[in-house]
Amino acid sequence: MRRDPYEVLGVAPDAGDGEIKKAFRSLARELHPDVNRHDPEAEEKFKEAAEAYEILSDTERRATYDRYGFEGLDSRGFASAAHGFGSFADIFDAFFGGDPFGAFGGRGGAGRVQGGDVAVEVEITLEEAARGTTAQVAYDLVDACERCGGSRAEPGTQVQTCRNCQGTGRVRAVTRTAFGQLVREHVCDVCGGEGRVPSEPCTACGGRGRRAARKTLDVDVPAGIADEQRIRLSGRGHAGERGGPPGDLYVLVRVAADERFLRDGNDLVTVVDVPAPAAALGTKVGVPTLDGDEEVDVPAGTQPGTVVTLRGRGMPAIGRRGRGDQQVVLNVVIPRNLSARQRELLSELRDTLTDENMREDESILSKVRRALR
Ligand SMILES: [Zn+2]
Ligand SMILES: [Zn+2]
């Protein structure tokens with residue numbers, strides 16, 4: 001069951017942006033992993049809070065949710081970044097850009113904060129991995145607002161020091177209690193902890209300096225890339241805050257399984273069936289390779305598990321010349337479901353066999369050992 005984002009953040013349905021940000025920041029601090037090592041649910045709670053914030057902090061998402069609920073968001077393709085991330089650290093990075101404590105407004109208006117990293121996945125075929133390819137990736141990110149260039153102010157207007165916190169980003173509240181004075185500091189809710197406020201907020205981003213955007217990028221995938229390798233594109237992640245540099249984009253490359261080949265480092269392995277009588281007599285078999293089908297000689301007397309190496313038919317190594325090999329495992333298949341005539345022929349053959357027919361030139365074990373070397 002997905003909980004109502006307003007309920008998750010504990011804000012009213014008409015809460016303003018500042019209030020939502022504040023609620024999320026305080027929840028995020030509460031659920032921080034360093035504080036919650038003992039609580040296995042903290043991560044789930046944080047993801048829930050992050051998702052709620054993601055929806056309510058974005059005008060378009062919020063309006064969609066208000067009208068159509070989660071279903072509306074799903075059907076309009078508003079994927080949640082919060083749920084796509086693997087770990088706590090990723091989420092913190094994405095939402096706050098680097099050090100979470102530093103980004104929680106504690107440093108007032110001073111700190112430049114680098115934007116968070118973005119992770120995106122792309123799937124390619126084994127052939128594309130062998131040749132190298134250009135993969136198009138599409139991803140959502142928080143980008144610097146084009147209109148104000150991230151300054152948060154309407155072009156031509158000024159950014160002023162926040163009067164509420166005198167530019168420190170934090171406000172102290174003093175309460176008198178029976179035990180004495182209780183001083184509590186919290187993030188300034190006028191400037192959201194940034195210490196500065198635009199005199200006229202930018203009309204395009206509502207004074208946030210950053211906007212959600214969908215980007216499409218062509219990524220060069222080098223020949224020889226392995227499944228689950230990541231490509232880092234520096235500066236393509238979320239926009240920084242307060243003049244900080246953008247984060248990076250990590251493209252996780254998935255190489256789809258190919259039913260013809262197994263991959264073993266830069267080597268490829270294929271298994272080819274050879275009927276036992278053909279293996280005994282000698283034959284040729286067609287072997288699929290990355291460069292098309294190839295005919296491979298099966299000498300007379302070929303035994304099960306024989307491995308034929310096709311040099312240079314494997315995968316390239318990234319940034320190096322040459323390619324690995326293709327190991328062709330000859331799977332000698334004993335015929336089944338024999339007809340009466342076949343039984344007759346095989347019986348006849350069996351009766352003629354002598355020790356000489358059975359003598360091994362080399363044991364299977366030493367053959368396998370040779371192939372593995
Ligand atoms: Zn703007
Ligand atoms: Zn302030």
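Cut-off values and rules
Here the residue numbering is sequential within each chain, running from 1 through the sequence in written order. The order in which chains are written sets their letters, starting at A; the order in which ligands are written sets their numbers, starting at 1. Residue-level local features of this predicted model are given only where pLDDT is at least 70; pairs of side-chain atoms are given and counted only at 80 or more, and the full residue set underlies all totals for whole chains, interfaces and linings. With hydrogens and water excluded, all non-hydrogen atoms of the structure serve as input to the side-chain values. Strands here are runs of E lasting at least two residues and helices are runs of H or I lasting at least four, both read from the DSSP assignment and numbered beginning at the N terminus. Only protein chains enter the accessibility calculation, which uses a 1.4 Å probe; a residue is then buried when its area is under 20% of its type maximum, exposed when over 50%, and partly exposed in between. Any two residues having at least one pair of non-hydrogen atoms within 4.5 Å are treated as being in contact. Per-residue accessibility takes into account occlusion by the displayed protein chains alone, with areas from the Shrake-Rupley method and a 1.4 Å probe. Salt bridges are defined by distance alone: a side-chain nitrogen of Lys or Arg within 4 Å of a carboxyl oxygen of Asp or Glu. Here the term cavity refers to a set of points on a 1 Å grid, laid over the protein atoms alone, in which a 1.4 Å probe fits but cannot get out; the term pocket refers to an open set having protein on both sides within 12 Å along at least five of seven lines, with lining residues being those that place an atom within 4 Å of a point. Grid points are joined across faces, edges and corners, and a volume is the space filled by probe spheres set on the points. Each residue is assigned to one of three groups, with Ala, Val, Leu, Ile, Met, Phe, Trp, Tyr, Cys and Pro labelled nonpolar, Asp, Glu, Lys and Arg labelled charged, and all others, Gly among them, labelled polar. Because water is not among the atoms used, a metal site may look incomplete, as its donors are only the N, O and S atoms within 2.8 Å, or 3.2 Å for Na, K and Ca. Geometry is assigned from the angles between donors: four donors with all angles from 85 to 135 degrees make a tetrahedral site, four or six donors whose opposite pairs exceed 155 degrees while the rest stay between 65 and 115 make square planar or octahedral sites respectively, and everything else is labelled irregular. Candidates for patches are residues over 30% relative accessible area with no salt bridge; among them, like charges are joined within 9 Å and nonpolar side chains (Val, Leu, Ile, Met, Phe, Trp, Tyr) within 5 Å. Throughout this description, the term nonpolar core refers to a set of buried Ala, Val, Leu, Ile, Met, Phe, Trp, Tyr and Cys residues connected via side-chain atoms within 4.5 Å. Each residue gets a pLDDT score, which is the predictor's confidence in that residue and runs from 0 to 100. Lines fitted to C-alpha atoms define the axes, with helix axes restricted to the stretch in contact, and inter-axis angles between N-to-C directions lie between 0 and 180 degrees. Oblique is the label for any angle not under 35 degrees, not over 145, and not in the 65 to 115 range, which are roughly parallel, roughly antiparallel and roughly perpendicular in turn.

Next up on the list: the overall build of the chain. Secondary structure summary: the chain contains 12 helices and 15 strands in total. The proportion of buried residues among the 373 residues of the chain is 38%. Residue pairs in contact within the chain that sit at least 24 positions apart in sequence constitute 64% of those at least 6 positions apart. About 21,900 Å² of surface is accessible on the chain, with carbon and sulfur atoms providing 48% of the total.

The next subject is the pattern of salt bridges. Tallied over the entire structure, the rule returns 20 salt bridges. Between Arg-3 and Glu-48 there is a salt bridge, with the nearest N and O atoms lying 3.1 Å from each other. Within this pair, whereas Arg-3 is found in the segment before helix H1 (5-9), its partner Glu-48 is found in helix H3 (residues 42-56), the two being separated by 45 residues in sequence. Overall, Arg-3 belongs to the partly exposed group, its relative accessible area being 36%. Asp-140 serves as the salt-bridge partner of Arg-214, at 3.1 Å between the closest nitrogen and oxygen. Taken as a pair, Arg-214 in strand E7 (residues 210-221) and Asp-140 in strand E2 (residues 133-144) lie far apart in primary sequence, 74 residues in all. With a relative accessible area of 30%, Asp-140 lands in the partly exposed category. The network of salt bridges with common partners includes Asp-291, Glu-294, Arg-313 and Arg-323.

Considered as a void within the structure, the second largest pocket measures approximately 900 Å³ in volume. Residue lining of the second largest pocket: 26 residues in total, with Ala-276, Ala-280, Thr-302, Gln-303 and Asn-357 positioned closest to the centre. Among the secondary structure elements, those contributing two or more residues to the lining of the second largest pocket are helix H9 (276-281), strand E14 (306-310), helix H10 (340-352) and helix H11 (355-358). By residue number, the principal contributor to the lining of the second largest pocket is H9, which donates 4 residues. Looking at the lining of the second largest pocket residue by residue, the class counts come to 15 nonpolar, 5 polar and 6 charged.

Now for the coordination of the zinc ion (ligand 1). Taken together, Cys-145 (SG), Cys-148 (SG), Cys-202 (SG) and Cys-205 (SG) make up the full set of protein donors to the zinc ion (ligand 1), lying 2.3 to 2.4 Å away. If you look at the zinc ion (ligand 1), its 4 donor atoms make angles of 104 to 117 degrees with each other, and the shape they trace is tetrahedral. Donor residues for the zinc ion (ligand 1) sit on one chain with the sequence pattern C-x2-C-x53-C-x2-C. A residue pair is termed long-range when its members are at least 10 positions apart, and Cys-145 in the loop between E2 and strand E3 (159-161) and Cys-205 in the loop between strand E6 (196-198) and E7 qualify at 60 residues. Take Cys-205: its relative accessible area is 4%, and that puts it in the buried class.

With that settled, the discussion passes to a nonpolar patch on the surface. Residues Leu-338, Leu-346, Leu-349, Leu-353 and Met-358 make up a contiguous nonpolar surface patch of about 430 Å² in total accessible area. Structurally, Leu-338 can be placed in the loop between strand E15 (326-333) and H10.

Moving on, we get to the nonpolar core. By size, the foremost hydrophobic cluster in this structure holds 24 residues, and its most contacted members are Val-137, Tyr-139, Ile-225, Val-251 and Val-253. Secondary structure elements with two or more residues in this core: strand E1 (118-124), helix H8 (126-131), E2, E7 and strand E9 (249-255). In terms of nonpolar packing, the next biggest core, distinct from the first, is built from 21 residues, Val-8, Ala-15, Ala-50 and Ala-52 among them.

Moving on, we get to the confidence of the model for the chain. The predicted structure's coordinates, where accompanied by low pLDDT, should not be read in detail. Here the chain shows a mean pLDDT of 84. Residues at 70 or above account for 85%. Under a pLDDT of 50 for its full length, residues 97-110 has, in the predicted model, 42 contacts with residues more than four places off or in other chains.

Okay, the coordination of the zinc ion (ligand 2) next. On the protein side, the zinc ion (ligand 2) has Cys-162 (SG), Cys-165 (SG), Cys-188 (SG) and Cys-191 (SG) as donor atoms, found 2.2 to 2.3 Å from it. Coordination at the zinc ion (ligand 2) is tetrahedral, judged from the 4 donor atoms that bind it and the angles of 100 to 116 degrees they form at the metal. Each donor residue of the zinc ion (ligand 2) lies on one chain, and together they are spaced C-x2-C-x22-C-x2-C. With Cys-165 in the loop between E3 and strand E4 (170-177) and Cys-191 in the loop between strand E5 (180-187) and E6, the pair connects residues that are 26 residues apart, well separated along the chain. Residue Cys-165 shares its accessibility class with Cys-191, and that shared class is buried.

Attention shifts here to the packing of H3 against helix H4 (residues 59-75). Contact geometry of H3 with H4 gives a least axis separation of 9 Å together with a crossing angle of 130 degrees. Judged by the inter-axis angle, H3 sits oblique to H4. Taken together, the residues of H4 that come into contact with H3 (itself represented by Glu-54, Ile-55 and Leu-56) are Arg-61, Arg-62, Tyr-65, Phe-70 and Leu-73. Its residues assigned to classes, the contact of H3 with H4 comprises 5 nonpolar, no polar and 3 charged.

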